[in-house]
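Coordinate inspection notes
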Amino acid sequence: MVRQLGELENDIMTRVWQWNRPVTVREVLQDLQSERDIAYTTVMTVLDKLYRKGWLRREQVGRAYRYEPVSSREAYTAALMNDAWATSDNPAAALVHFFGLMSPEQREALRDALRVAALFPGPEPEPDRLPDPHPDTGGTPGPSAR
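Just so it is clear, the model here is predicted, and its values are computed rather than measured. All residue numbers refer to positions counted from 1 along the written sequence of the respective chain. Thresholds applied to this predicted model are a pLDDT of at least 70 for local features of residues and 80 or more for the giving and counting of side-chain atom pairs; totals over whole chains, interfaces and linings are not thresholded and use all residues. Excluded from the side-chain calculation are hydrogens and water; included are all heavy atoms of the structure.

A word on the overall build of the protein chain
Helix and strand assignments come from DSSP, with helices taken as H or I runs of at least 4 residues and strands as E runs of at least 2, each series counted from the N terminus. Within the protein chain, the secondary structure is distributed over six helices and two strands. Along the protein chain, helices (α) and strands (β) appear in the sequence α-α-α-β-β-α-α-α when read from the amino end. Note that accessible areas follow from Shrake-Rupley with a 1.4 Å probe, and for residues the cover is restricted to the protein chains shown. Carbon and sulfur atoms make up 54% of the accessible area of the protein chain, which amounts to about 10,900 Å² in all.

Following this line, the structure appears as structure tokens:
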């Protein structure tokens, strides 16, 4: 189960995901300081926690660490959605409600994603209900197959 990021964790991960390169504590700190008063040690502690939780990997360069994401924001969002859906007693009803909350743009993005993922090529027949390979002969091969 994926735990939702806290507010500061999310603010930091958003930057790391957007920058899409290894980052230092100082870089994250300087960017965060444009929005709030925050200490270097606070950013360092949160980056370390995100590393220990498996969200970031790090490499030591000189005396500092460079952090980079282990996975994408999209993978994180998908895991949150999957966990939320898995808590439902009626997943189909949960999806219907979720679709009802979506904007037209989000529904179009969903249609595009389903086409790309090809999630609906058609249902697979159940093993005990396979189609009869020889419907005209009651399931036995005809004379040409013998």
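Moving on from the coordinates now.
Focus: the confidence of the model for the protein chain
Predictor confidence is given residue by residue as pLDDT, running from a minimum of 0 to a maximum of 100. Taken residue by residue, the protein chain gives an average pLDDT of 85. The fraction at 70 or more is 81%. Contacts are residue-level and defined by heavy atoms, with any inter-residue pair within 4.5 Å sufficient. Throughout residues 139–146 the model reports pLDDT below 50, and contacts reaching past four residues in sequence, or to other chains, amount to six contacts.

A few points about the packing of helix 1 (residues 7–19) against helix 2 (residues 25–32)
Axis definition: a line fitted to C-alpha atoms, over the contacting stretch in the case of helices. Angles run 0 to 180 degrees between N-to-C directions. One way to put it is that helix 1 packs onto helix 2 with a least axis distance of 11 Å and a crossing angle of 110°. On the basis of their axis angle, the class for helix 1 and helix 2 is roughly perpendicular. Crossing handedness for the pair helix 1 and helix 2: right-handed. Across from Leu8, Asp11, Ile12, Arg15 and Trp19 in helix 1, the residues of helix 2 making contact are Glu27, Val28, Asp31 and Leu32. Residue polarity is assigned by list, with Asp, Glu, Lys and Arg as charged and Ala, Val, Leu, Ile, Met, Phe, Trp, Tyr, Cys and Pro as nonpolar; anything else, Gly included, falls into the polar class. Partitioned by chemical class, the residues of the contact of helix 1 with helix 2 number five nonpolar, no polar and four charged. Our angle categories are set so that under 35 degrees counts as roughly parallel, over 145 as roughly antiparallel, 65 to 115 as roughly perpendicular, and the remainder as oblique. Take the far helix as the reference: if the near one is turned anticlockwise from it by less than a right angle, the crossing is left-handed, and if turned clockwise, right-handed.

Focus: the side chain of aspartate 48
If you trace the backbone, aspartate 48 turns up in helix 3 (residues 40–52). Burial classes follow relative accessibility: with a 1.4 Å probe on protein chains only, a residue under 20% of its type's maximum area counts as buried, one over 50% as exposed, and anything between as partly exposed. For aspartate 48, a relative accessible area of 15% puts it in the buried group. If we ignore the near neighbours within four places in the chain, the residues touching aspartate 48 are Arg58 and Tyr67.

Describing a nonpolar patch on the surface
Where nonpolar side chains cluster on the molecular surface, the patch consists of Met81, Phe98 and Phe99 and spans about 270 Å² of accessible area. When you line up the elements, methionine 81 lands in helix 4 (residues 73–86). By definition, no residue in a patch forms a salt bridge, and every one has over 30% relative accessible area; like charges are joined within 9 Å, nonpolar side chains (Val, Leu, Ile, Met, Phe, Trp, Tyr) within 5 Å. For salt bridges, the criterion is a side-chain nitrogen of Lys or Arg within 4 Å of an Asp or Glu carboxyl oxygen.

Brief notes about helix 2
An α-helix turns once per 3.6 residues; consequently, residues spaced three or four apart project the same way. Within helix 2, burial applies to Val25, Val28, Leu29 and Leu32. On an axial view of helix 2, the arc spanned by its buried residues comes to 100°, and they lie on one face. In this structure, the buried residues of helix 2 make contact with helix 1, helix 3 and strand 2 (64–69). It is the directions from the helix axis to the C-beta atoms whose arc is reported.

Observations concerning the pairing of strand 2
Relative to strand 2, strand 1 (residues 56–61) runs antiparallel, the two being bridged by six bridges. Along strand 2, the bridge assignment pairs arginine 57 with glutamate 68. Strands are treated as partners if at least two bridges between them are detected by DSSP. Here strand 1 folds back onto strand 2 in antiparallel fashion, the turn holding two residues, of which glycine 62 has a positive phi close to 70°.

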